[in-house]
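Observations on the model geometry
So you can see what is in the structure, the chains are spelled out below.
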Amino acid sequence: MKKVLLSAAISATLGLTALPSMAQDVELRMSWWGGNGRHQVTLKALEEFHKQNPDINVKAEYTGWDGHLSRLTTQIAGGTEPDVMQTNWNWLPIFSKTGDGFYDLNKMKDVIDLSQFDPKELKSTTVDGKLNGIPISVTARVFYFNDDVWKKAGVEYPKTWDELKAAGKTFESKLGKQYYPVVLEHQDTLALLNSYMIQKYNVPAVDEKAKKLAWSKEQWVELFQTYKSLVDSHVMPDTKYYASFGKSNMYEMKPWIEGEWGGTYMWNSTIKKYSDNLKPPAKLELGSYPMLPGATDAGLFFKPAQMLSIGKSTKNPEAAAKVINFLLNSKEGVETLGLERGVPLSKVAVQYLTESGAIKESDPAVAGLRLAQSLPTKLSVSPYFDDPQIVAQFGTSLQYIDYGQKTVEEASADFQRQAERILKRAMR
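Residues numbered from 1 in each chain as written. Predicted model: local features only at pLDDT ≥ 70, side-chain atom pairs only at ≥ 80, totals over all residues. Heavy atoms only, no water.

1. A short note on the nonpolar core
Threshold: Residue types Ala, Val, Leu, Ile, Met, Phe, Trp, Tyr and Cys, when buried and joined through side-chain atoms within 4.5 Å, form a set referred to as a nonpolar core. Per-residue accessibility, obtained with a 1.4 Å probe over protein chains only, is compared with the maximum for each type, and a residue is labelled buried under 20%, exposed over 50%, and partly exposed between these values. Runs of E in the DSSP output that reach at least two residues are strands. Runs of H or I that reach at least four are helices, and both are numbered from the N terminus. We call two residues in contact when some of their heavy atoms are within 4.5 Å.
Core analysis: the largest hydrophobic core is formed by 78 residues, its most contacted members being Trp220, Phe224 and Trp256. At eight residues, helix H17 (residues 408-427) tops the list of elements feeding residues into this core. The residues touching Trp220, leaving out its near neighbours within four places in the chain, are Ala205, Leu213, Trp215, Phe385, Ser412, Phe415 and Gln416. Of all hydrophobic cores here, the second largest spans 46 residues; its members include Val58, Met108, Leu114 and Leu308.

2. Side note on the confidence of the model for the protein
Our working rule: The predictor attaches a confidence to each residue, and that confidence, scored 0 to 100, is pLDDT.
Mean pLDDT over the protein stands at 92; residues scoring 70 or higher make up 94%. Predicted confidence for residues 1-23 stays below pLDDT 50, and this span has 71 contacts to residues more than four positions away or in other chains.

3. Some thoughts on helix H15 (residues 364-374)
Threshold: Identification of polar contacts relies on pairs of N or O atoms within 3.5 Å, with a donor-acceptor requirement for protein atoms, meaning one able to donate a hydrogen and the other able to accept it, and with residues adjacent in sequence counted only if both atoms are side-chain atoms.
Turning to H15, its buried residues are Ala365, Val366, Ala367, Gly368, Leu369, Leu371 and Ala372. In this fold, the buried residues of H15 make contact with strand E7 (134-146), helix H11 (271-276), strand E11 (284-286) and strand E12 (302-310). Its side-chain oxygen 2.8 Å from the backbone nitrogen of Ala365, Asp363 forms the N-cap of H15.

4. Some thoughts on the packing of aromatic side chains
We apply this condition: The rule is short: rings of Phe, Tyr and Trp, with Trp giving its six-membered ring, pair when the centres are within 6.5 Å, and they are stacked under 30 degrees, edge-to-face over 60, tilted in between. Note on geometry: a ring has a charge over it if NZ (lysine) or CZ (arginine) is within 6 Å of the ring centre and within 35 degrees of the ring normal.
Enumeration according to the criterion identifies 30 aromatic pairs in this entry. Where Trp215 meets Phe385, the ring centres are 6.3 Å apart and the plane angle is 70 degrees; that geometry is what we call edge-to-face. Residue Trp215 is found in the loop between strand E9 (212-213) and helix H8 (217-232), and its partner Phe385 is found in the loop between H15 and helix H16 (388-402); the two are separated by 170 residues along the sequence. Like Phe385, Trp215 is buried. The aromatic ring of Tyr103 is capped on one face by Lys107, whose charged end is 5.5 Å from the ring centroid. The positively charged end of Lys406 is found above the aromatic ring belonging to Tyr400, 4.9 Å away from the centroid.

5. A short note on helix H1 (residues 36-52)
Formally: Given a helix with a known number of residues, its expected span is that number minus one, times 1.5 Å.
In a regular helix each residue adds 1.5 Å, so 17 residues correspond to 24 Å; H1 covers 25 Å between its end C-alpha atoms and thus fits that length. Among all positions in H1, only Arg38, His39, Thr42, Leu43, Ala45, Leu46, Phe49 and Gln52 are buried.

6. Some remarks on unusual backbone geometry
Looking along the chain, the bond that leaves Pro280 and enters Pro281 is cis, with omega of 10 degrees. Along the chain, Pro281 falls in the loop between H11 and E11. Notably, Lys211 is not glycine yet its phi reads approximately 60 degrees, a positive angle. Mapped onto the elements of the fold, Lys211 is located in the loop between strand E8 (206-207) and E9.

7. Points about the environment of Val84
Looking at the element boundaries, Val84 is found in strand E4 (residues 84-87). Accessibility expressed as a relative area gives 2% for Val84, which makes it buried. Counting along the chain gives 325 residues from Val84 to Glu409, while the straight-line C-alpha distance between them is 45 Å. Once residues lying within four places of it in the same chain are set aside, the contact partners of Val84 are Arg29, Met30, Ser31, Ser309, Ala320, Val323 and Ile324.

What follows is the structure, given as structure tokens:
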């Protein structure tokens, strides 16, 4: 993990006077995860904060995704978490079931301009009336395709589930066995299959009131069988083949860079790093979203991309809130961060980025968001279904199938049993 010490202070530049309770030379820590691009723009934004505000020292703690949650879990348990944290929406049930796991940002409404955010979006990060985080942007998984390899395959981007399945055999026959229409990691696969099942049955996977999984045994078998049919149809590589390329990020793997994997089902907010790694002249283009006939809900994982939260153990909540307001609502902070964390939810941030030309409707991240917003999404995905333990268990179940250790029925039953246990512990 890299650490950089930066200084910054509260300034009237933001139109906010220093609060009486704030001491001079405040020491803060801020943590986030991401790739190098996110690291660099965030550091630059904090440097700009430093220029305007020289009396608050902010130590930046940034990492990749792997290990970030386990590290933060240890810190929160010990009361040593950073003052300002980039957090995930699905962590709220883990750290803050009653809303007390993070500092209540409603108390900082005189520091953070909450009027820039839609109340509906703030409600999604509020637990028992306590605002646990400011959503930076919203995001959804949609399909993006490598234009170059799809042209070589002579196939149009699929508009239906059947067309997606049919593309697999075409890729295999025309381009070779190592070519696939899409590549999905296990968490992406779970989201895609969730979408299919909700379109078909119009029932969310988790019944929060009953505190258990809502689908029947037969429906879970159908979910895993649908996965196997996608693999058997050569739509996507199985976990065994994917694992043969090591543990690096998918967008850094040779088959992705070379175009052997022809697309992905990915968060619109993070798609740029996938597109940037393609071998020219290939680029990623937004695809259509497949819908079953008669479906009334797309079954999207549509959620806050990330949040900025304040640690409940902080001794300087006002200073921490100043940092958040600067990053999300100030012209300097917004223009420096750009679209690195997705299209901002802050109204003034959208205005700044539109005026600067950073927000273009043709941009894949922006186009992906607009597509997601146009789809029917009446049913919300429970954060419990996005619990890291359930997602990891799902990945294990796919491996059981792909390595021939369990049948689809056995893997399904095992997942259902393990997931129920995880939910029981998480929701008690």
